[in-house]
Every structure is written in C-alpha cells, then in structure tokens.
Amino acid sequence: MMNNKRKLIYCTGAIALCLAGLAWRPSPTDSDKGLKDYYKKYFPIGAAVTPRELHSEESKLIVKEFSSITPENAMKMGPIHPEENRFYWPDADSIVAFAQRNHLKVRGHTLCWHAQAPNWMFRDSAGNDVSKEVLLDRLRKHIHTVVSRYKGKIYAWDVVNEAIADDTTFLRKTKWSQITGQEFIEKAFVYAHEADPKAVLFYNDYNTEQPAKREKIYKLLKGLREKGIPVQGVGLQAHWSVTNPSREELENSIKLFSSLGLQVQFTELDISVYAGRQGGQLINGEQQQTKATFTPEMEQQQLEKYKMAFEVFRKYRKQITGVTFWNVSDRYTWLDGRGRKNFPLLFNTELKPKKAYWEVVKF
Ligand code: GLA
C-alpha cells in the first residue's frame, strides 16, 4: 500500500508527465510550424517565386513554410538568355543566393521549352530557320552555361517542358520539334547531365492525369529510359481545378510513371477555383467571368481537392520526392491574368493560411 506522501509524489509526477506530454506534442495550430515541418518526413515542399517577393513581406512566409523554391520565370530561356551572346543573371542569381542564405533547395526551371524561348535561338542572320546542327549546338551552349553556373546549388532541373501534344499527335508542334524531331529532348538531357552529373533531371508536363496524354508521356519516357538517356524524374505540373483530377486519375499517373523507375514530383501545384479542364485552361465562356469573390462553395470544393491530393501524396511518399506550389499566396498568382481573380493557393491575399491549409497538415 502506498502511503499518502508517496501517493502525492506519484500523482504530481504523473500530472507533470502529462503536461509535459501535452506541451511537446505537435499540434496543427503550432504557430511556428510550416508546411515543410509537417511534411519533413515525406518530401520537400516548395513554391515558385519571383525576385520581388524575396524582398517583400512574402519572404518571411516563404522561409517559414517552404523547404524549396523554384524561379517562376527567372531561369526560363528567354529571360535568362535574351541574345545569343548575352545572359541576364541578376534575377536568377538573387533567387539562388536567397536559397543559400536560408538553406532552401532549388529546383531549376526550365532548360528547354517552346514558350518564353527567345526568337534568336531558331533563326539565322537572314531570318531563316537554322539547321538542326546549329540549333542543337545553341541548346548545348545554353544548357552548359546555365547549369554550370549553379552547379551544386540546384539539386534538380526541369530539363524539357511540355514537349507532348494535347491533340491526337505525339510531339507538340514547335520550332524545336520541327527542326530536330525528337532529338532536342534527348540531347537536352545529355547536355544537362554533362554539365552537372549530380543534378536530378526531370521531364515536366501538364495534363499528366488525362489518360491519353499520360500514355503519350509514358511512351516518351519509356523510350528515353530504354535508350539510356539520363532522365531520372517526371514532373507532373498539377495545374488543377476544383473538378480535376479525380483521385483515381491521380493515383494511376503516379503508379504508371514510377513503374519506369522514375522519381515523381508535383512541380507546379495550384487548384483553380473555377471548374474546368486541367492545365489551367479555359472552358467555354470562362473568360467572361468577372467574379472575384472567394465564395464559401469555392472554399469547400477547393479544400476537398487539396485534402484528397495530399492524402494521395502521403500514400505514395516512396515514389514522390517533392511537391511545389506554383506561387506563394493568392495575393499574386499567374492564374489572375485571365480577366478575373483566382484563389488557387493555400495562403490568402493577406498571406494567412486558408481552411484548405489546415486540411493539408491534419494527418
Ligand atoms: C507552365 C510552365 C511554367 C509557367 C506556367 C504558367 O506550367 O512550366 O513555367 O509558365 O506554365 O505560369
């Protein structure tokens, strides 16, 4: 039998232990935790950033919430290589320096893409298309220069962006494919690997959950792997909406792409509040909308989509090596440029977490 004194010591000890337990147990409302902390054991969580944000209020939020950043535009071919013999480094350099100061990973985006590519790349001095040899040589110089500059500071590169067509054809019809066929894709990976053998190299695209496009991307990647082309990952952009994709479509994509032995990353995640097809594309009449209110219905539909997406991401944590949001908060998003405001992210225009945020960290 315990005497009273021992009982008292025992009870006090037990209460103290309980309180201590309560105090250290992580709670979803912990104010100093960010997305990156909740997902520490899963995968890095990133955001696409502009140099302006790194010198404004958003910078604190970026450092608190994210463990990785991607330059939204600063490393695209047009902005970083505006003329054949001139590179423009300040924006990209400042983003990489910010990441280094704050111990963030950097995903490079993007080495070869049909959009935001400079015209000089494809033309000779008379304004005609260059030959395949000239174009591939320019691509090699571009990739070697950019990748070498950030060697060891950028852990992964989106090497080729959006090379597969949305219609029934295979390759997207662009200057790249018109002049070189599929060779620009293969060569881009080879050049990037030469320049930084340690960087993880991704093929990046959208609509990757639509069965027809998924199959074509799979075919491309399978062919590249069989040829020994150094591609190690597939970036699923994840420009989704409150209606797309379904859980099943998403799981099927992860399973199919990872069956090739590729890492899977979600590289440009945002969930448009306007119902529509994937890829952030407009459906009939959508452009006419002027509605700029984040309604309770939108909030509810969006949080359900985010909840589903992160449940799936956690389930496939072995296959997934990163999730990156395309922009930081609803204050600024590329989706606004369509005649109406959108609200696709986890932070509102005041930079505060939305309800969807709490769904994403509640597990
Ligand atoms: C694509 C590109 C991104 C970006 C978005 C729109 O997804 O990969 O770099 O341009 O379109 O911002």
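Residues numbered from 1 in each chain as written. Predicted model: local features only at pLDDT ≥ 70, side-chain atom pairs only at ≥ 80, totals over all residues. Heavy atoms only, no water.

Trainee: Help me get a handle on the pairing of strand β5 (residues 200–205), residues and values and all.
Mentor: Taken across its six residues, β5 has six buried, putting it largely inside the fold. Because side chains alternate across β5, one face comprises the buried residues Val200, Phe202 and Asn204, and the other comprises Leu201, Tyr203 and Asp205, equally buried. As defined by bridge partners, strand β4 (residues 156–161) adjoins β5 across five bridges and the pair is classed as parallel. Bridged to valine 160 within β5 is tyrosine 203. For β5 and strand β6 (residues 233–236), the ladder comprises four bridges, and the chain directions are parallel. (Buried < 20%, exposed > 50% of the residue type's maximum accessible area, 1.4 Å probe, protein only. Helix = DSSP H or I, 4+ residues; strand = E, 2+ residues; numbered from the N terminus. Pairing = 2+ DSSP bridges.)

Trainee: Describe the packing of helix α6 (residues 132–149) against helix α8 (residues 183–195), naming the residues involved and giving the relevant values.
Mentor: Remark: α6 packs on α8, axes separated minimally by 9 Å, with the N-to-C direction vectors making an angle of 35°. For the crossing formed where α6 meets α8, the hand is right-handed. Along the contact surface, α6 presents Lys132, Leu136, Leu139, Arg140, Ile143, His144, Val147 and Ser148, while α8 presents Glu183, Phe184, Lys187, Ala188, Tyr191, Ala192, Glu194 and Ala195. (Axes fitted to C-alpha atoms, helices over the stretch in contact; angles between N-to-C directions. Left-handed = near helix turned anticlockwise from the far one by under 90°. Contact = heavy atoms within 4.5 Å.)

Trainee: I'd like to hear about the environment of histidine 193, residue by residue, with values.
Mentor: Structurally, histidine 193 is set in helix α8. Once the C-alpha coordinates of histidine 193 and isoleucine 143 are considered, the two residues, 50 residues apart in sequence, prove to be 9.6 Å apart. The residues contacting histidine 193, other than those within four sequence positions of it, are Leu201 and Pro230.

Trainee: Give a detailed account of the side chain of glutamate 72, specifying residues and quantitative values.
Mentor: Mapped onto the secondary structure, glutamate 72 falls in the loop between β2 (68–71) and α4 (77–80). Comment: no salt bridge for buried glutamate 72; closest opposite-charge side chain is lysine 76, at 5.9 Å. Excluding residues that lie within four positions of it along the chain, glutamate 72 makes contacts with Ala48, Val49, Thr50, His109, Trp326, Asn327, Tyr332 and Trp334. (Lys, Arg positive; Asp, Glu negative; His and termini not counted. Salt bridge = Lys/Arg side-chain N within 4 Å of Asp/Glu carboxyl O.)

Trainee: Describe the site of the ligand, with residues and values.
Mentor: Within the structure, the ligand sits among Lys76, His109, Trp113, Gln116, Asn161, Glu162, Gln237, His239, Glu268, Trp326 and Trp334. The contact in question runs from an oxygen atom of the ligand to an N or O atom on the side chain of asparagine 161, over 2.8 Å. Contact with the protein chains hides 90% of the accessible area of the ligand, taken as 300 Å² for the molecule alone. Here the shell around the ligand is built from residues that sort into three nonpolar, five polar and three charged. (Near = heavy atom within 4 Å. Polar contact = N/O pair within 3.5 Å; in protein donor to acceptor, adjacent residues only side chain to side chain. Areas by Shrake-Rupley, 256 points an atom, 1.4 Å probe, with all protein chains shown as cover. Nonpolar A, V, L, I, M, F, W, Y, C, P; charged D, E, K, R; others polar.)

Trainee: Could you give an account of the packing of helix α9 (residues 211–226) against helix α10 (residues 247–258), with specific residues and numbers?
Mentor: Close contact between α9 and α10 brings their axes to 11 Å; oriented N to C, the two are set at 10°. As summarised for this structure, α9 and α10 are arranged roughly parallel, according to the angle between their axes. Residues Pro211, Arg214, Glu215, Ile217, Tyr218 and Leu221 of α9 touch α10, and the partners they reach there are Glu249, Asn252, Ser253, Leu256 and Phe257. Class assignment for the residues of the contact of α9 with α10 results in six nonpolar, two polar and three charged. (Parallel < 35°, antiparallel > 145°, perpendicular 65-115°, else oblique.)

Trainee: Which residues make up the pattern of salt bridges, and what values go with them?
Mentor: Once the charged atoms of two side chains with opposite charge are near each other, the side chains can pair. Per the stated rule, a full pass over the model turns up 25 salt bridges. Taking the shortest distance from any N to any O, the salt bridge between lysine 227 and glutamate 186 comes out at 3.0 Å. One end of the pair, lysine 227, is in the loop between α9 and β6; the other, glutamate 186, is in helix α8, with 41 residues separating them in the sequence. The network of salt bridges with shared partners includes Asp166, Arg172, Asp205 and Lys213.

Trainee: Could you give an account of empty space enclosed by the protein, with specific residues and numbers?
Mentor: Following the criterion strictly, the structure yields two cavities of 30 Å³ or more and no others. Taken as a whole, the second largest cavity encloses approximately 60 Å³ of empty space. Along the walls of the second largest cavity sit Cys112, Trp113, His114, Val160, Asn161, Glu162, Ala163, Arg172, Thr174, Trp176, Ser177 and Phe184, which together make up its complete lining. Of all the secondary-structure elements, those providing two or more residues to the lining of the second largest cavity are β4 and α7 (175–180). Residue composition of the lining of the second largest cavity, grouped by class: six nonpolar, four polar and two charged. (1 Å grid on protein atoms, 1.4 Å probe; cavity = no way out; pocket = protein on both sides within 12 Å on 5 of 7 lines; lining within 4 Å. Points joined across faces, edges and corners; volume = space filled by probe spheres on them.)

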